[in-house]
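Each chain, written out:
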Amino acid sequence: GLYNQAIKELSSLNGIIKGLDLTGVDIEQLPSEVEDIVVQLFQTQTSKNNDFPIEFHPVTGDLTSTLPFQDEEFDAVVCFLTLCSVTEPQKAVSEMKRLVKPNGGTFGYVEHIAIDPDEAQEKLSAKLFDVQQTTLDPLQQL
């Protein structure tokens, strides 16, 4: 759901954007059916435009090392709930910077947030984030 509106908008730019070629990197090899699931999820957002091809290429790799791509190969790099899980976030950010085009390329990320325990006692929104952090963060370590 996070990218639904963006996919709809991209697919509506007839002639400007001709499709999506997605590459996903994970430290473990993904099951083969994941590729089909990802493409189906993105295609549901472009149902009005059947001429908008979407491809997904899963790659096994470690973001803190040099991935098997050329410098400046990607128009956009999106990092989702990753930097909080790698041992060397600075290396991961450097690798993503290497991969994204410098002029017109886009880098985006979504991460967990840290909550100051004193602030969590004062504000309702901080309390909700504190519950999320203390509940979900340990689960990602399983």
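For the structure itself, look to the data block above.
Just so you know, these numbers come straight off a predicted model, no measurement behind them.

Cut-offs and rules
Residues numbered from 1 in each chain as written. Predicted model: local features only at pLDDT ≥ 70, side-chain atom pairs only at ≥ 80, totals over all residues. Heavy atoms only, no water. Helix = DSSP H or I, 4+ residues; strand = E, 2+ residues; numbered from the N terminus. Buried < 20%, exposed > 50% of the residue type's maximum accessible area, 1.4 Å probe, protein only. Contact = heavy atoms within 4.5 Å. Areas by Shrake-Rupley, 256 points an atom, 1.4 Å probe, with all protein chains shown as cover. Phe/Tyr/Trp six-rings, centres within 6.5 Å; stacked < 30°, edge-to-face > 60°. Core = buried A, V, L, I, M, F, W, Y, C linked by side-chain atoms within 4.5 Å. 1 Å grid on protein atoms, 1.4 Å probe; cavity = no way out; pocket = protein on both sides within 12 Å on 5 of 7 lines; lining within 4 Å. Points joined across faces, edges and corners; volume = space filled by probe spheres on them. Nonpolar A, V, L, I, M, F, W, Y, C, P; charged D, E, K, R; others polar. Arc of directions from axis to C-beta. Polar contact = N/O pair within 3.5 Å; in protein donor to acceptor, adjacent residues only side chain to side chain. Salt bridge = Lys/Arg side-chain N within 4 Å of Asp/Glu carboxyl O.

**Overview of the overall build of the protein**
Point 1. A tally of regular secondary structure across the protein gives five helices and four strands.
Point 2. Counting helices and strands in the order they occur from the N terminus, the protein gives α-β-α-β-β-α-β-α-α.
Point 3. Counting over 142 residues, the protein shows a buried share of 23%.
Point 4. For the protein, restricting intrachain contacts to residue pairs at least 6 apart in sequence, the fraction spanning at least 24 positions comes to 72%.
Point 5. Carbon together with sulfur atoms contributes 53% to the accessible area of the protein, which is approximately 10,200 Å² in total.

**Observations concerning the packing of aromatic side chains**
Point 1. This model, assessed by the stated rule, comprises one aromatic pair.
Point 2. Both rings, one in phenylalanine 69 and one in phenylalanine 74, keep their centres 5.0 Å apart while their planes meet at 80 degrees; by these two values the pair is edge-to-face. No difference in accessibility class separates phenylalanine 69 from phenylalanine 74, as the two residues are buried.

**What to know about the nonpolar core**
Point 1. Among the nonpolar cores identified, the biggest contains 12 residues, and these are Leu63, Leu67, Phe69, Phe74, Val77, Cys79, Leu83, Val86, Ala92, Met96, Leu99 and Val100.
Point 2. When contributions to this core are tallied by element, the ones reaching two or more residues are strand S3 (76-80) and helix H3 (89-99).
Point 3. Take this core: its biggest share by element is three residues, from H3.
Point 4. Residues contacting phenylalanine 74, with those up to four places away along its chain left out, are Thr23, Phe69, Leu99, Val100 and Lys101.

**Describing the layout of surface pockets**
Empty space left among the atoms is revealed by rolling a probe the size of a water molecule over them.
Point 1. There is about 2,000 Å³ of room inside the largest pocket.
Point 2. Mapped onto the lining of the largest pocket, the elements with two or more residues apiece are helix H1 (4-11), strand S1 (20-26), helix H2 (33-43), S3, H3 and strand S4 (106-110).
Point 3. Element by element, the count of residues in the lining of the largest pocket is highest for S1, at seven residues.
Point 4. Across the lining of the largest pocket, the residue classes break down as 29 nonpolar, 13 polar and eight charged.

**Observations concerning H3**
Point 1. Turning to H3, its buried residues number three or more, namely Ala92, Glu95, Met96, Arg98 and Leu99. The arc enclosing the buried residues of H3, seen along the axis, measures out at 155 degrees, which places them on a common side. Away from its buried face by more than 90 degrees, H3 exposes Gln90 and Lys97.
Point 2. Next to the buried residues of H3 lie S3 and S4.

**Points about the side chain of arginine 98**
Point 1. Its place among the elements puts arginine 98 in helix H3.
Point 2. Only 3.2 Å separates the side chain of arginine 98 from the backbone oxygen of leucine 67, close enough to count as a polar contact.

**Observations regarding the pattern of salt bridges**
Point 1. Counted under the stated rule, the structure contains four salt bridges.
Point 2. Two residues, arginine 98 and glutamate 95, come together in a salt bridge whose shortest N-O distance is 2.7 Å. Note that arginine 98 and glutamate 95 are positioned in helix H3 at a spacing of three residues, about one turn of the helix.

**Quick look at the environment of proline 102**
Point 1. Mapped onto the elements, proline 102 comes out in the loop between H3 and S4.
Point 2. For the pair formed by proline 102 and aspartate 71, sequence separation is 31 residues and the distance between their alpha carbons is 9.9 Å.

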